Amino acid sequence: SKVKLSGVNIGSVRSISLDPENFYAFITIDFDKEYNFPDYTEASVQLEGLLGGSYISILPGGSDVILLKNQEILFTQGSTSLINLMLKFANTN
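Keep in mind it's a predicted model, so treat the numbers as computed, not measured. (Residues numbered from 1 in each chain as written. Predicted model: local features only at pLDDT ≥ 70, side-chain atom pairs only at ≥ 80, totals over all residues. Heavy atoms only, no water.)

(A) Expanded view of the overall build of the protein chain. When its secondary structure is counted, the protein chain shows one helix and six strands. Put simply, the protein chain runs from its N terminus to its C terminus through helices and strands in the order β-β-β-β-β-β-α. Of all 93 residues assigned to the protein chain, the portion counted as buried reaches 19%. Accessible surface, the protein chain as shown: approximately 7400 Å² in total, 55% of it carbon and sulfur. (Helix = DSSP H or I, 4+ residues; strand = E, 2+ residues; numbered from the N terminus. Buried < 20%, exposed > 50% of the residue type's maximum accessible area, 1.4 Å probe, protein only. Areas by Shrake-Rupley, 256 points an atom, 1.4 Å probe, with all protein chains shown as cover.)

(B) Geometry of the side chain of Thr41. Here Thr41 is to be found in the loop between strand E3 (25-31) and strand E4 (42-47). A polar contact is formed between the side chain of Thr41 and the backbone oxygen of Pro38, at a distance of 2.4 Å. At 3.1 Å, the side chain of Thr41 and the backbone nitrogen of Gly61 are in polar contact. Discounting chain neighbours no more than four positions away, the residues touching Thr41 are Ile58, Leu59, Pro60, Gly61, Leu67, Ile73 and Phe75. (Polar contact = N/O pair within 3.5 Å; in protein donor to acceptor, adjacent residues only side chain to side chain. Contact = heavy atoms within 4.5 Å.)

(C) Fine view of a nonpolar patch on the surface. A cluster of nonpolar side chains, Tyr40, Leu74 and Phe75, forms an exposed patch at the surface whose accessible area comes to about 370 Å². Relative to the helices and strands, Phe75 is located in strand E6 (residues 75-77). According to the relative accessible area criterion, Phe75 is partly exposed, its value standing at 42%. (Patch = residues over 30% accessible without salt bridge, like charges linked within 9 Å, V, L, I, M, F, W, Y side chains within 5 Å. Salt bridge = Lys/Arg side-chain N within 4 Å of Asp/Glu carboxyl O.)

Set out below in structure tokens:
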């Protein structure tokens, strides 16, 4: 999968694994070059189109502290299912 910042490809997903203790996904990303992302940077799974496909979107944080190489991005968000979103909208009266 692609990794994007402001719609620009900046890397790709190297591996995805599951932590068996807490069932969180652990994703390793290879960036095309070295970036200095600030702390509080967010990574989220976004849909590429209506027919499927997804990518990781990076939203830089607003801190003066820079993440170190191989440091985890703590603020993450999974993808939103369009079907579930439509069902929630349809069920509101």
